Amino acid sequence: MKHAVFIYSEDQLGYKFSETHPFNQKRLELTVDLLQKMKALPEELVVAPRIATDEELLLAHDQRYIDIVKQASIGKVSPEAGESYGIGTEDTPIFANMHEASARLVGGTLTAVDWVMEGKAQHALNLGGGLHHGFRGKASGFCIYNDSSVAINYMKKKYGARVLYIDTDAHHGDGVQWSFYDDPDVCTVSIHETGRYLFPGTGNINERGSGQGYGTSFNFPIDAFTEDESFLEIYRTAMREIVEFFKPDVILSQNGADAHYLDPLTHLYGTMDIYREIPKVAHELAHEFCEGRWIAVGGGGYDIWRVVPRAWSLLWMEMNNFPAPTGPLPASWLAKWQPESPVPLIEAWEDPQKMYEAIPRKEEITEKNHEMLNKALYMIRNA
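Anyway, here's the lowdown on the structure attached to this text. (Residues numbered from 1 in each chain as written. Predicted model: local features only at pLDDT ≥ 70, side-chain atom pairs only at ≥ 80, totals over all residues. Heavy atoms only, no water.)

## Focus: the overall build of the chain
- Along the chain, the regular secondary structure elements total twelve helices and eight strands.
- A compact globule built from 383 residues would reach a C-alpha radius of gyration of about 21 Å, and the chain, at 19 Å, matches this within 12%.
- Once the C-alpha set of the chain is aligned to its principal axes, its extents read approximately 55 × 50 × 45 Å.
- Per-residue burial for the chain yields a buried fraction of 61% across its 383 residues.
- For the chain, the distance from the average site of its 35 positive side-chain charges to the average site of its 54 negative ones is 3 Å. (Helix = DSSP H or I, 4+ residues; strand = E, 2+ residues; numbered from the N terminus. Rg over C-alpha atoms; globule rule 2.2 N^0.38 Å. Buried < 20%, exposed > 50% of the residue type's maximum accessible area, 1.4 Å probe, protein only. Lys, Arg positive; Asp, Glu negative; His and termini not counted. Charge placed at Lys NZ, Arg CZ, Asp CG, Glu CD.)

## Describing helix H6 (residues 147–159)
- The end-to-end C-alpha distance of H6, which contains 13 residues, comes to 17 Å, matching closely the 18 Å that a straight helix rising 1.5 Å per residue would cover.
- What H6 keeps buried is the set Asp147, Ser148, Ser149, Val150, Ala151, Ile152, Asn153, Tyr154 and Met155.
- With a side-chain oxygen positioned 3.3 Å from the backbone nitrogen of serine 148, the residue opening H6 is asparagine 146.
- Where H6 terminates, the next one or two residues include glycine 160, which has phi positive at roughly 60°. (Expected span 1.5 Å × (residues − 1). Polar contact = N/O pair within 3.5 Å; in protein donor to acceptor, adjacent residues only side chain to side chain.)

## Observations concerning the pairing of strand E8 (residues 294–297)
- Residues Trp294 and Ala296 point to one face of E8 and Ile295 and Val297 to the other, with burial holding for every one of them.
- In the sheet, strand E3 (residues 121–126) pairs with E8 via four bridges, with the strands oriented parallel. Within E8, the residue paired with alanine 124 across the bridge is isoleucine 295.
- Inspection of the sheet shows strand E7 (residues 250–254) paired to E8 by four bridges, in the parallel sense. Each residue of the ladder has a partner; that of serine 253, found in E8, is alanine 296.
- In the classification by handedness, the crossover that spans E7, the intervening helix H9 (residues 272–289) and the parallel E8 is right-handed. (Pairing = 2+ DSSP bridges. Right-handed = clockwise from strand over helix to strand, strands pointing away.)

## With respect to the sheet that holds E3
- With respect to topology, eight strands assemble into an open sheet ordered E2-E1-E3-E8-E7-E4-E5-E6, the strand pairing being parallel. At either end of the open sheet lies a strand with only one pairing partner, and these are strand E2 (46–47) and strand E6 (217–222).
- Running at roughly 155° to E8, H9 makes contact with strand E1 (2–7), E3, E7 and E8 of the sheet. (Contact = heavy atoms within 4.5 Å. Axes fitted to C-alpha atoms, helices over the stretch in contact; angles between N-to-C directions.)

## So, the pattern of salt bridges
- A full pass over the atoms with the stated rule returns 29 salt bridges.
- Note that lysine 26 and glutamate 340 form a salt bridge whose closest N and O atoms lie 3.1 Å from each other. One end of the pair, lysine 26, is in helix H1 (residues 26–37); the other, glutamate 340, is in the loop between helix H11 (331–337) and helix H12 (362–381), and 314 residues separate them in sequence.
- In this structure, lysine 368 and aspartate 223 form a salt bridge, with 3.7 Å as the shortest nitrogen-oxygen distance. In this pair, lysine 368 is assigned in helix H12 and aspartate 223 in the loop between E6 and helix H8 (228–246), connecting sequence segments 145 residues apart.
- Judged by its relative accessible area of 37%, lysine 368 falls in the partly exposed class.
- Taken together, the shared-partner salt bridges connect Arg50, Glu56, Asp114, Glu118, Lys120 and Lys158 into one network. (Salt bridge = Lys/Arg side-chain N within 4 Å of Asp/Glu carboxyl O.)

## What to know about empty space enclosed by the protein
- Within this structure, the stated rule accounts for two cavities of 30 Å³ or more.
- Taken together, Thr168, Asn255, Gly256, Tyr275, Ile278, Pro279, Ala311, Trp312 and Leu315 make up the lining of the largest cavity.
- Within the residue set of the lining of the largest cavity, elements represented by two or more residues are H9 and helix H10 (308–319).
- Grouping the constituent residues of the lining of the largest cavity by class yields six nonpolar, three polar and no charged.
- A volume near 30 Å³ is recorded for the second largest cavity. (1 Å grid on protein atoms, 1.4 Å probe; cavity = no way out; pocket = protein on both sides within 12 Å on 5 of 7 lines; lining within 4 Å. Points joined across faces, edges and corners; volume = space filled by probe spheres on them. Nonpolar A, V, L, I, M, F, W, Y, C, P; charged D, E, K, R; others polar.)

## A word on the pairing of E1
- Bridging between E1 and E3 involves four bridges; their strand directions are parallel. By the bridge assignment, lysine 2 is partnered in E3 with alanine 121.
- Pairing geometry for E1 and E2, over two bridges, is parallel. Residue pairing across strands places phenylalanine 6 opposite valine 46, the latter belonging to E2.
- Handedness of the crossover is the feature at issue here: the chain leaves E1, passes through H1, returns alongside E2, and the resulting connection is right-handed.

Treat this as a map of the structure, not an account of what it does.
Next up, the structure:
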């Protein structure tokens, strides 16, 4: 059994809306190159993703929607006709071969699932996945097919698994939550910036699930300008209680890297310290409760130069028990990418000490988050 496998091929870069769209899969190329220059990604651990079949996509999507995406892929759907399906919009424009590109990202997550659930690897990482806003019959928020929703149903159907889904993207994991809102065998957890100012506007603390699934949906909406300490207090405390309560067979974690201060689309004040801790806690819980079964996917992350490659590299290194890197990034990586980067690259694994001015409302924000955590813990303990 391998300790961990890394699902990747250059074909994953084909999920591309336009040259100027904020969702830019070049971040995968940057991350892979950083790991290679750290000598942390040997070829024998890299596994090519397959393309998900229509039958697999139907685990979380409607046939009519899949057909529309296929037609759009070959230019047979106008943006106006596609809008009711969420494609052809400003967020999710139509692009050539979008069905195949999207199905490959789903297939990457299914490849990761099979490696773990068949006992060939304890952990698997598909950074091309994590498209958590996709709905059964509609694209949303840069997401065409929802690989996590497909993968969870796939694990239930093929392996009879009880699945814990953890989402630390700054945006609420709405598509996955609503897919399993009434399912008692899937627990969804999302720690995200409050929807008061941020897409998709959902993820309130009182979204608890429905029917037989009541009490298996947990949301932790944190205030804008939340910093590391408050974020990690919620994450560490909540995750242990939820895992002890739900007792999953496997953990699937979505690892958006957009809670960082430098991310252009969100308002949180995280630093690289949270991206050291998030995978560490998930790793520990997987070994303690799930015999090590842990599948991780990517997600958001829109500062593709200064944030995402470092954050996602830390995730892979934790997954492999590599020592957490400190100090300068490889000089060869900086030299290769700085000429192309529109911003000066951060040259170390750590963020600059004075990256932002002190927040005047820090105590108020921290206290508000703490009160929200206590309410959520009460709900967990009385579920």
